[in-house]
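One letter stands for each residue in the lines below.
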Amino acid sequence: MSKRKPVSRSGRFATGPGDDVVRYTESISFDRRLWWHDIQGSIAHATMLQSIGVLNKKELGAIKRGLKQIAGEIEDGTFPWKEELEDVHMNIEGELTRRIPAGAKLHTSRSRNDQIALDSRMWLRDEIVDLIGELRVLQLALVELGAKYSRERIPGYTHLQRGQPVFFAHHLLAYVEMLERDIGRLQDCFERTNVCPLGSGALAGTTLPIDREMTATLLGFVDEKGRARISQNSMDAVSDRDYMVEFCSTAGLLAVHFSRLAEDLILWSSSEFAFIRIGDAYTTGSSLMPQKKNPDIAELARGKAGRVVGNLMSLLTLLKGLPMTYNRDLQEDKERLFDTADTVRRTTRLVAAMLPTIEVLSDSCADAVSDPLLLATDVADYLVCKGMPFREAHHVVGAVVALAEKIEKELHELSLGDFRTTSGLFDQDVFDVFDLKKASASRNITGAPGDREVKRQLNRWRKALGKFVSG
Ligand code: ARG
C-alpha cells in the first residue's frame, strides 16, 4: 500500500500522490541535468516579463539573484532536490518561490510543456557543438595515424577477400570522410533544434502580450543575421520531438560508423591479420588464458552501436500514434536522448585516445600486400592499354590466374611464354605490373589510393582540421 504524501499539488487536488506514484512519475532523477538550461530559460523569461510590465525591476532583480543562488547550490551539490516535486522545472521554481515571493509570477505565460521543449533544445544545441568538436579531434587522430604510417600498404578487401593494394592511410581516410558526413548531419540537426518554443504555453500560447522574439534572442535562438527563430505553431511546438529523433538517428549512423572502424581494428589486431598492435591501455587480458590481449575498447565501441540504434527505435516507438499535443509519455524521451549523447561522445573520445597508441606491424602488412594476385586487375588494365576490351582482358587474366594455380606458381613467377598462352598481347613489360611502387604511382586520380593522391588527401585534411583543432 502506498502512503499518501501530504504535498498538495494545487487547488484542484484534495490529497497528494502516494509514494509509489511519486517514484513512478518523477523525472528529477534524470532531468536534473537540465538545470543550467532551465535556469537560463527562466532568467530570459523573467527579463521578458519585466519588459512587458508583468514584473517590476525589483522583482526581476530578486528572481535573478534567487536563480543564481540556486545555480550556485546545485553546482556545490547543496541544493535540496525533492523527488515529490517531480522534475527539474518544479524543483527550481518551487525552491525559488519559497525564498522569493515574486517567484510565484515566474510561470506567467509559461507551461512545463514549452519549458521542457525549451530546455531540451538548449541542452541538445550544446551537446551537438561539443560532439562536433570531439569528432574533429577524432578525425585528426585518424589523419595523424595515417600520416605516421604513410608508407605502409595493406590489401584492400571486398567480401573480406583480398582485393587490391591500398595505403593504410587511404583506409583510415575512408573513416574521416564518413565522420565528415556525420558532422554535416549534426549541423543540419542543429539548425532545426535551434528554434525557440517558449511562449507556446501548455498548447495554445497565452492571452498576455509576451515578446517571444526577445526571449528567443536572449537565449541565442537566432539565425546568422541575428534574427529570432521562434516556433510558428504552439501545438506543434509542445509536442514536437523531431529534433531529438534527428539527433538520435544521426548518432545511430555515427555509432554504426564507429562499429565498422572498431571491427577493422579488431580484425587487424588478430593474429590472423596482425597488421596492428593496440596499446596496452586500450586492451585487457583474460582471467584464464595468460597470453591473451583483447581489444575490449574497440569491441565495446562496436557493441555500443546496438544501444544507440535501440534508443532511436525507442524514441520513434514512443512518438508513434501520440495524439496532439503534449502527453506524459514524452517524459520517456529524455533518458534515450541523454544516453545517446553520452554514449557517442564517450566513444568518440575513447577511440580518439586509442588511435595514437596503435602500432602498425610493417612486416606482416608488407607480407600480405606482396600477394601478386592483388595486382590481377592491373594486369587486365595493362591489356586494355594494349588495345584489348576490358571484358576480354578480364577473361584473359582469369585464365592466367587459373594457369598459375594449376602449375602451382605465383602470378609473377610465370614465364612470358605462360602468359602468352592466353594472349599474344603480353610482352616482357607485363612483369613491371608487379612492382607495387609502380602500381601506387599509377593510381593518382582523385579519390584513388596512389601515393601522390593519398599524400594530397592527408595534407588537405590536416589543413582543414587544423582550423578546428588546436594544439
Ligand atoms: N517532466 C515533464 C517531461 O519531462 C515536463 C513536462 C510536464 N508537463 C506536464 N503537463 N506534466 O515531459
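Because the structure is a prediction, the values reported are computed rather than measured.

Regarding the overall build of the protein
Within the protein, the secondary structure is distributed over 18 helices and 4 strands. In summary, the protein has a C-alpha radius of gyration of 31 Å against a globular reference of 23 Å for 471 residues, an excess of more than 25%. Along the longest, intermediate and shortest principal axes, the C-alpha atoms of the protein span 100 × 55 × 45 Å. Long-range contacts, defined as pairs at least 24 residues apart, comprise 71% of the intrachain contacts of the protein with a sequence gap of at least 6. Side-chain charges in the protein split into 63 positive and 66 negative, and the spacing between the mean points of these groups amounts to 5 Å.

Structural notes on the pattern of salt bridges
What the rule picks out here adds up to 32 salt bridges. For arginine 98, the salt bridge identified is with glutamate 95, shortest N-O distance 2.7 Å. In this pair, arginine 98 and glutamate 95 are both assigned in helix 5 (residues 88–99), 3 residues apart and thus about one turn of the helix distant. For arginine 98, a relative accessible area of 60% corresponds to the exposed category. Take glutamate 95: its relative accessible area is 3%, and that puts it in the buried class. Ionic pairing is found between aspartate 182 and arginine 185, a salt bridge with its closest N-O pair at 3.0 Å. Of this pair, aspartate 182 and arginine 185 both sit in helix 7 (residues 168–193), separated by 3 residues, roughly a single helical turn. Classification of aspartate 182 as buried rests on a relative accessible area of 0%.

Some words on the pairing of strand 1 (residues 153–158)
A regular strand carries its side chains on alternate faces of the sheet. Sheet topology places strand 1 next to strand 2 (residues 161–167); 6 bridges connect them, and they run antiparallel. From the neighbouring strand, threonine 158 faces strand 2, where its bridge partner is glutamine 161. The loop that links strand 1 with its antiparallel partner strand 2 comprises 2 residues; one of these, histidine 159, has a positive phi angle of about 55°.

Details of the packing of helix 6 (residues 112–148) against helix 18 (residues 451–466)
Between helix 6 and helix 18, the least distance of the axes is 10 Å, while the angle of their chain directions is 145°. By crossing handedness, the relation of helix 6 to helix 18 is classed as left-handed. Residues Arg136, Gln139, Leu140, Val143, Glu144, Gly146 and Ala147 of helix 6 form the contact with helix 18, whose participating residues are Leu458, Trp461, Arg462 and Leu465. Per-class residue counts for the contact of helix 6 with helix 18 are 6 nonpolar, 2 polar and 3 charged.

Some thoughts on the site of the ligand
Contacts to the ligand come from Ser27, Asp87, His89, Arg112, Asn113, Ile116, Tyr326, Gln331 and Lys334. Side-chain polar atom of glutamine 331 to a nitrogen atom of the ligand: 3.1 Å apart, as the coordinates give it. For the ligand, whose unbound accessible area comes to 350 Å², protein coverage reaches 87%. Ranked by the residues each element gives to the shell around the ligand, the list is headed by helix 6, at 3 residues.

Some details on the nonpolar core
Within the largest apolar cluster, 96 residues are counted, with the highest numbers of intra-cluster contacts made by Ile39, Leu135, Phe168, Phe247, Trp268, Ile276 and Leu355. Grouped together as the second largest cluster of nonpolar side chains are 23 residues, Leu374, Leu411, Phe434 and Ala439 included.

What to know about the side chain of glutamine 331
Structurally, glutamine 331 is set in the loop between helix 11 (296–319) and helix 12 (333–354). Polar contacts involving the side chain of glutamine 331 include one to the side chain of arginine 328, which spans 2.7 Å. The residues touching glutamine 331, leaving out its near neighbours within four places in the chain, are Thr25, Glu26, Ser27, Phe30 and Tyr326.

Describing the packing of aromatic side chains
By the definition in use, this model includes 9 aromatic pairs. Seen from their ring centres, phenylalanine 419 and phenylalanine 426 are 4.9 Å apart, and the 55° between their planes marks the pair as tilted. Residue classification places phenylalanine 419 among the buried positions, given a relative accessible area of 0%. Residue classification places phenylalanine 426 among the buried residues on the basis of a relative accessible area of 0%. Centre to centre, the rings of phenylalanine 419 and phenylalanine 431 are 5.6 Å apart; their planes meet at 85°, and the pair counts as edge-to-face. Of the two residues, phenylalanine 419 is situated in helix 16 (residues 416–420) and phenylalanine 431 in the loop between helix 16 and helix 17 (436–441); the sequence distance between them amounts to 12 residues. These aromatic residues form a ring-pair network of at least three members: Tyr382, Phe419, Phe426 and Phe431. Over the ring of phenylalanine 13 we find arginine 12; its NZ or CZ atom is 5.9 Å from the centre of that ring. For the cation-ring pair, arginine 33 lies above phenylalanine 338, with the distance from its terminal atom to the ring centre recorded as 4.7 Å.

Structural notes on unusual backbone geometry
The residue after methionine 324, namely threonine 325, is reached through a cis peptide bond having omega 0°. By the element assignment, threonine 325 lies in the loop between helix 11 and helix 12. Even without a glycine there, the phi angle at glutamate 86 is positive, about 70°. On the secondary structure map, glutamate 86 appears in the loop between helix 4 (57–76) and helix 5. Assessed through its relative accessible area of 15%, glutamate 86 is described here as buried. Backbone geometry places alanine 274, a non-glycine residue, at a positive phi of 55°. Looking at the element boundaries, alanine 274 is found in the loop between helix 10 (242–268) and strand 3 (276–277).

Some remarks on a nonpolar patch on the surface
A cluster of nonpolar side chains, Leu253, Val256, Val309, Met313 and Leu316, forms an exposed patch at the surface whose accessible area comes to about 350 Å². Mapped by element, the contributors of at least two residues to the nonpolar patch are helix 10 and helix 11. Take the nonpolar patch: its biggest share by element is 3 residues, from helix 11. Along the chain, the position of leucine 316 falls in helix 11. Among the residues examined, leucine 316 registers a relative accessible area of 39% and is labelled partly exposed.

So, how was this worked out
Residues numbered from 1 in each chain as written. Predicted model: local features only at pLDDT ≥ 70, side-chain atom pairs only at ≥ 80, totals over all residues. Heavy atoms only, no water. Helix = DSSP H or I, 4+ residues; strand = E, 2+ residues; numbered from the N terminus. Rg over C-alpha atoms; globule rule 2.2 N^0.38 Å. Contact = heavy atoms within 4.5 Å. Lys, Arg positive; Asp, Glu negative; His and termini not counted. Charge placed at Lys NZ, Arg CZ, Asp CG, Glu CD. Salt bridge = Lys/Arg side-chain N within 4 Å of Asp/Glu carboxyl O. Buried < 20%, exposed > 50% of the residue type's maximum accessible area, 1.4 Å probe, protein only. Pairing = 2+ DSSP bridges. Axes fitted to C-alpha atoms, helices over the stretch in contact; angles between N-to-C directions. Left-handed = near helix turned anticlockwise from the far one by under 90°. Nonpolar A, V, L, I, M, F, W, Y, C, P; charged D, E, K, R; others polar. Near = heavy atom within 4 Å. Polar contact = N/O pair within 3.5 Å; in protein donor to acceptor, adjacent residues only side chain to side chain. Areas by Shrake-Rupley, 256 points an atom, 1.4 Å probe, with all protein chains shown as cover. Core = buried A, V, L, I, M, F, W, Y, C linked by side-chain atoms within 4.5 Å. Phe/Tyr/Trp six-rings, centres within 6.5 Å; stacked < 30°, edge-to-face > 60°. Lys NZ or Arg CZ within 6 Å of the ring centre and 35° of its normal. Patch = residues over 30% accessible without salt bridge, like charges linked within 9 Å, V, L, I, M, F, W, Y side chains within 5 Å.

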